[in-house]
Each structure stands twice: as C-alpha cells, then as structure tokens.
Amino acid sequence: MSGAPGGRGADGSGLRVTWLGHSTVVLDVPRAGGGTARLVTDPLLRRHAGLLRRRGGRPDADAWRGADAALLSHLHHDHAELGSLRLLGDVPVLTAPANARWLRGKGLRGVGLDLPPPAGHPPGHDVAHHASHHASHPAPQPAPEQGRWHDVAGVQVRLTAAVHGDRPMPHRPNAASGHLVRGRGATVWAVGDTEHHPGVGRVRELAGGRVDVALVPVSGWGPRLSGGHLGPRGAAEVCAEVRPRVAVPVHWGTLHVPGGQHVPRGWMDHAGEAFAAACRRAAPDVRVVVLRPGGTWRDTPGGDDVLEHVFG
C-alpha cells in the first residue's frame, strides 16, 4: 500500500490500521478483487465528544477521508457522535438493528446487521437489555439467520456479541456489538465495548478459525472503569481466549472529563503498555502493537511491523 499519509494503497497488498484515538480506527482492508475498502470504527472525528475533552488535536481529515462505511459498536456518546458520523458523508453505518433504526431517524444511513447473542443467552435476546432493565423494555428481535456475513464495499462484515449494559441511555437504544471484517488475506475483529463474557471465545469460530488483528479496548475516559469494560488484564485474557495474531489496544489515552487529564497524574498514559505487559504473561503468542493517536500499522507479507505517523 502507498506510504502517503492517510492514502489508499495502489496495489491493495496488506492491511493498514490507523488509530485516530479512543475507539476510532481507520481500516484499509484489501478486497478479493483488488484495491482496498476503507472502514472507520466508532468515528470520533471532531475536537470533543459532548462533555468529554480530547487530548491533542482532532484527527486530520486526510486520515479518514473517502470512507466506504462506518462500523458502530453502540450508541454511547463517545462512540456514536452524530456530527462525526455526518462528516463521513452518505455512507452505510453498520450496527445492531435497533441502533440502525435510531440512526435512520437522525438522517443517517443506518444498516442493521444480525446480532448474535453470547453463549448462555437464547436466540433473539438483546444482550444490552438483558444487562439492564430488559423486563420493562423488550429487546428487538434480530433476523432469523444470526451472524451472517454481509458484503460491504468489496469486503465482508458481521457482528459479534458484546455485553455492555452499564450506564444505559434513556433516549437511545442500548444494543452493543463488535464487528468482524474479512478481506483478502486478513480478518479483523473490532471488539467494541464489552466485559469478558462466556461467549467471547466463539469469535474465532465466527471468523472462520483465524483472527489476524484484534482492536481491543483496554481502558476508558477515566481512571476507574465502570462495568461493561475491559481493563488491560481483562483485555489480555480475551486475547488469550481468541488468540489473534496481532492485538492493537484502543479506547485509552484520548478522552477525559474536564479538568481530569492529570487526576491522578499519568493515568492516561499507562493502559497501552500495561496491556502489552499483560499479554506477555497471559497470551505470549499474541503480538501487541501499541500505537499513539495518528499512528498507522501495516501488515506486511514478512510479518514485520511497519509503523507510520500520519498526523499529530
């Protein structure tokens, strides 16, 4: 792929992963027929997310320009920021069915994909509602064929289960998921916000027996995590179960409450390396690539890490 910052590769050889901060990742995924598809996870492209402040500058538009689709894990404001989604233009936003309906009501092109339940939950059960007040808010029923691959811009996408029921929102659906993306020679798992649940190991099976790259949340926007999240150790345990070839930590070091960037001092800087250290203990066969916002990793045929910095 081209080494130009944020650009698409001319030959389509090799996956390209650019972390823009928090859970926003630009995936340039090789297509089977040549070229690449550009997908953006949980786009947060503006300076801030509601009351939360971003450390550092907003992402350079060249890093995400020309997206073919967005992958949306859930509708919390630090993941589903409507202004950022609109910056991408009229692209499909692939998410759980309830979330897609809500997005269409906001003028966006929400596309609902089948939402598989985690192990131990009956088919048709909405995970987030199970975790919070599902008795009074019946869960939407997914399509009968759960977890099918969907063709998007020349690659394939399907949802994976997530358990993220803490802090439910009263005015937005609370369905949560991850995404699997399958292109030529590479399968990526965008984990999404979740706790470690019994069905997480099934992701490897859903991916066809191999996960090449996992985008794993390892922290949050405060020094203490609420339920429904993974910290460095929990994220490493997920990697030990799913066994991706490469893991890239996300959901850390980017957002903070006003005045909370340095309370306690240094809390925003540790999660990436703490995850790498935890993986060395729990999942030593997983190669961890710790990026900084604006950093790109390219998967090369020889397996060497090729790192670039595209903005910031």
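Coordinates for the structure precede this section.
Computed from a prediction, not measured in an experiment: that's the story for all the values here.

**Student:** Any chance you could break down helix 6 (residues 232-242) for me, citing the residues and the numbers?
**Tutor:** For helix 6, the set of buried residues is Gly-234, Ala-235, Ala-236, Val-238, Cys-239 and Val-242. Buried residues belonging to helix 6 abut strand 11 (186-190), helix 5 (202-206), strand 12 (213-217), strand 13 (246-250) and helix 7 (271-282).

**Student:** Give a description of unusual backbone geometry that names residues and reports values.
**Tutor:** Put simply, Val-263 and Pro-264 share a cis peptide bond, and its omega is -5 degrees. Its location among the elements puts Pro-264 in the loop between strand 14 (255-256) and helix 7. Within the chain, His-22 stands out as a residue other than glycine whose phi angle is a positive 50 degrees. By the element assignment, His-22 lies in the loop between strand 1 (16-21) and strand 2 (24-30). Unusually for a residue other than glycine, His-251 sits at a positive phi of about 65 degrees. Looking at where His-251 falls in the secondary structure, it is placed in the loop between strand 13 and strand 14.

**Student:** Before we move on, can you summarise helix 3 (residues 97-105) with the specific residues and values?
**Tutor:** Of all the residues in helix 3, the buried ones are Ala-98, Asn-99, Ala-100, Trp-102 and Leu-103. In this structure, the buried side of helix 3 is in contact with helix 2 (82-87), strand 6 (92-95) and strand 7 (109-112). Downstream of helix 3 by a residue or two, Gly-107 has a phi angle that is positive, lying close to 85 degrees.

**Student:** Before we move on, can you summarise the pairing of strand 2 with the specific residues and values?
**Tutor:** The element strand 2 is extensively covered by neighbouring structure, given that seven of its seven residues are classed as buried. Alternating positions in strand 2 separate into two faces, Thr-24, Val-26, Asp-28 and Pro-30 on one and Val-25, Leu-27 and Val-29 on the other, with burial throughout. Two strands pair when backbone bridges link them, and strand 1 and strand 2 are joined in this way by five bridges, in the antiparallel orientation. Bridge pairing in strand 2 places Gly-21 opposite Thr-24. Taken together, strand 1 and the strand that follows it, strand 2, pair antiparallel across an intervening segment of two residues, in which His-22 is found at a positive phi of about 50 degrees. Bridge count for strand 2 against strand 3 (residues 36-41) is six bridges, and the pairing is antiparallel. Each bridged residue has a counterpart across the sheet, and for Leu-27 the counterpart in strand 3 is Leu-39. Hairpin geometry of strand 2 and strand 3 is characterised by an intervening segment of five residues between the two adjacent antiparallel strands and by a positive phi of about 105 degrees at Gly-34.

**Student:** Account for the sheet that holds strand 13, naming residues and giving values.
**Tutor:** Read from one edge to the other, the open sheet built from seven strands follows the order 8-9-10-11-12-13-15, with strand pairing classed as mixed. Strands at the two margins of the open sheet, each flanked by one partner only, are strand 8 (150-152) and strand 15 (287-288). Contacting strand 11, strand 12 and strand 13, helix 6 crosses the sheet at an angle of about 155 degrees to strand 12.

Thresholds, definitions, all that
Residues numbered from 1 in each chain as written. Predicted model: local features only at pLDDT ≥ 70, side-chain atom pairs only at ≥ 80, totals over all residues. Heavy atoms only, no water. Buried < 20%, exposed > 50% of the residue type's maximum accessible area, 1.4 Å probe, protein only. Helix = DSSP H or I, 4+ residues; strand = E, 2+ residues; numbered from the N terminus. Contact = heavy atoms within 4.5 Å. Pairing = 2+ DSSP bridges. Axes fitted to C-alpha atoms, helices over the stretch in contact; angles between N-to-C directions.

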